[in-house]
Amino acid sequence: MTYTRCCTVRKIRRLLATDLDGTFVGDEDGLRELLRHYDSLQEPVALVYVTGRHRKSADGLIREEGLPAPDILITDVGTAVFTGPGLEEDEVWKEKMSGGWRPDAVAEAARGIPGLSRQDLPDDRRVSFYSDGPAPAEALHERLSGESIPHTFIFSSGRDVDILPEGGGKGEALRYVLGQYVEAGAEILVAGDSGNDRDMLLIGHPAVIVSNAQPELAEIAAREGLFRATRPCAGGILEAWRHFYG
Ligand SMILES: [Mg+2]
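Because the structure is predicted, anything quoted here is derived from the model rather than measured.

Structural notes on the coordination of the magnesium ion
Consideration 1: Only Asp19 (OD), Asp21 (O) and Asp193 (OD) from the protein reach the magnesium ion as donors, at distances of 2.2 Å.
Consideration 2: As a motif over one chain, the donors of the magnesium ion read D-x1-D-x171-D. Here Asp21, found in the loop between strand E1 (12-18) and helix H1 (28-39), pairs with Asp193, found in the loop between strand E10 (182-192) and helix H7 (198-201); they are 172 residues apart in sequence, far enough to count as distant.
Consideration 3: Assessed through its relative accessible area of 32%, Asp21 is described here as partly exposed.

Structure (structure tokens):
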């Protein structure tokens, strides 16, 4: 897909921060329409991909779907940030995420909880599981809290459990990136479709929940700056962009 990028320099004045699966990716026609709209604008729109995937998996998706290379890439549910022309890992964020993080204690706490199976990941910057419905996830959450193991608990799509370092998550990572690279008063849109997008949808910038969103986002109360699209995936992002910025 064609889209002219030119936002790798500080400071960004227009930015789309979007989840990938089920949000930016999922409706090719809608995505083409969105990128065409962005291409027609005088002021370029920087792309920040904010995904639950690990880096290699995100790179694979970007390649397979022919997505524009992002200006900033946030992976592993906000536990890793990659910036610059070569998308190098941001060491400051990495350091912040490793403080107090005890992945072995998280794995230990999960032992013996029926209905939880650990996801196979290349590293332990997060510890993730598949949960057979919400009950096993909740049992883990209670254990972690009961044993005072520092963590952030994220449950998505009725199945995915991500245990992150304290202060992790898509919302916190995005807040960090905005503080580093984005001008005050910039036009920003945040887009998502599932539970791990919740915190970034609520950080206080204009946000869109696409129409195909998971039921766990239905319970977010209506609020100013939160747009519920009638279209799925990228078409819903375009609908919201036009709503907020024309
Ligand atoms: Mg998604």
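Points about unusual backbone geometry
Consideration 1: A positive phi is found at Leu87, a non-glycine position, where the angle reads about 45°.
Consideration 2: Tracing the backbone shows Leu87 in the loop between strand E4 (80-83) and strand E5 (88-89).
Consideration 3: Not every positive phi belongs to a glycine, and Ser157 is a case in point at roughly 55°.
Consideration 4: Mapped onto the elements, Ser157 comes out in the loop between strand E8 (152-156) and strand E9 (160-164).
Consideration 5: Given a relative accessible area of 31%, Ser157 falls into the partly exposed group.

A short note on the pairing of E8
Consideration 1: Among the five residues in E8, four count as buried, and that is most of the element.
Consideration 2: One ladder, built from five bridges, connects E8 with E9; its direction is antiparallel. By the bridge assignment, Ile154 is partnered in E9 with Asp162.
Consideration 3: In sequence, E8 turns back onto E9 through a hairpin of three residues, with Ser157 there showing a positive phi of about 55°.

A short note on the sheet that holds E1
Hydrogen bonding along the main chain pairs the strands of a sheet, whether they run parallel or antiparallel.
Consideration 1: Spatial strand order, E5-E4-E3-E2-E1-E10-E11-E12: eight strands in an open sheet with mixed pairing. Each edge of the sheet is formed by a strand with only one pairing partner; in this case those strands are E5 and strand E12 (226-228).
Consideration 2: Examined bridge by bridge, strand E2 (residues 46-50) and strand E3 (residues 72-75) share three bridges and lie parallel to one another. Within the sheet, the bridge partner assigned to Val50 lies in E3 and is Ile74.

Regarding the packing of aromatic side chains
The geometry of an aromatic ring pair is captured by two quantities: the separation of the ring centres and the angle between the planes.
Consideration 1: This model, assessed by the stated rule, comprises six aromatic pairs.
Consideration 2: Aromatic pair Phe227 and Phe244: ring centres 6.2 Å apart, planes at 70°, arrangement edge-to-face. With a gap of 17 residues between them, Phe227 in strand E12 and Phe244 in helix H8 (residues 233-245) connect regions that are remote in the sequence.
Consideration 3: Following the ring pairs from residue to residue traces out a cluster consisting of Tyr38, Phe227, Trp241, Phe244 and Tyr245.

A short note on helix H3 (residues 91-98)
Consideration 1: A side-chain oxygen of the first residue of H3 lies 3.0 Å from the backbone nitrogen of Val92; this N-cap is Asp90.
Consideration 2: Positive backbone phi, approximately 75°, marks Gly100, located one or two places after H3.

Focus: the pattern of salt bridges
Consideration 1: In the structure shown here, the tally under the stated rule is 17 salt bridges.
Consideration 2: It is possible to trace a salt-bridge network through shared partners that takes in Asp19, Lys170 and Asp197.

Cut-off values and rules
- Residues numbered from 1 in each chain as written.
- Predicted model: local features only at pLDDT ≥ 70, side-chain atom pairs only at ≥ 80, totals over all residues.
- Heavy atoms only, no water.
- Donors = N, O, S within 2.8 Å, 3.2 Å for Na, K, Ca; no water.
- Helix = DSSP H or I, 4+ residues; strand = E, 2+ residues; numbered from the N terminus.
- Buried < 20%, exposed > 50% of the residue type's maximum accessible area, 1.4 Å probe, protein only.
- Pairing = 2+ DSSP bridges.
- Phe/Tyr/Trp six-rings, centres within 6.5 Å; stacked < 30°, edge-to-face > 60°.
- Polar contact = N/O pair within 3.5 Å; in protein donor to acceptor, adjacent residues only side chain to side chain.
- Salt bridge = Lys/Arg side-chain N within 4 Å of Asp/Glu carboxyl O.

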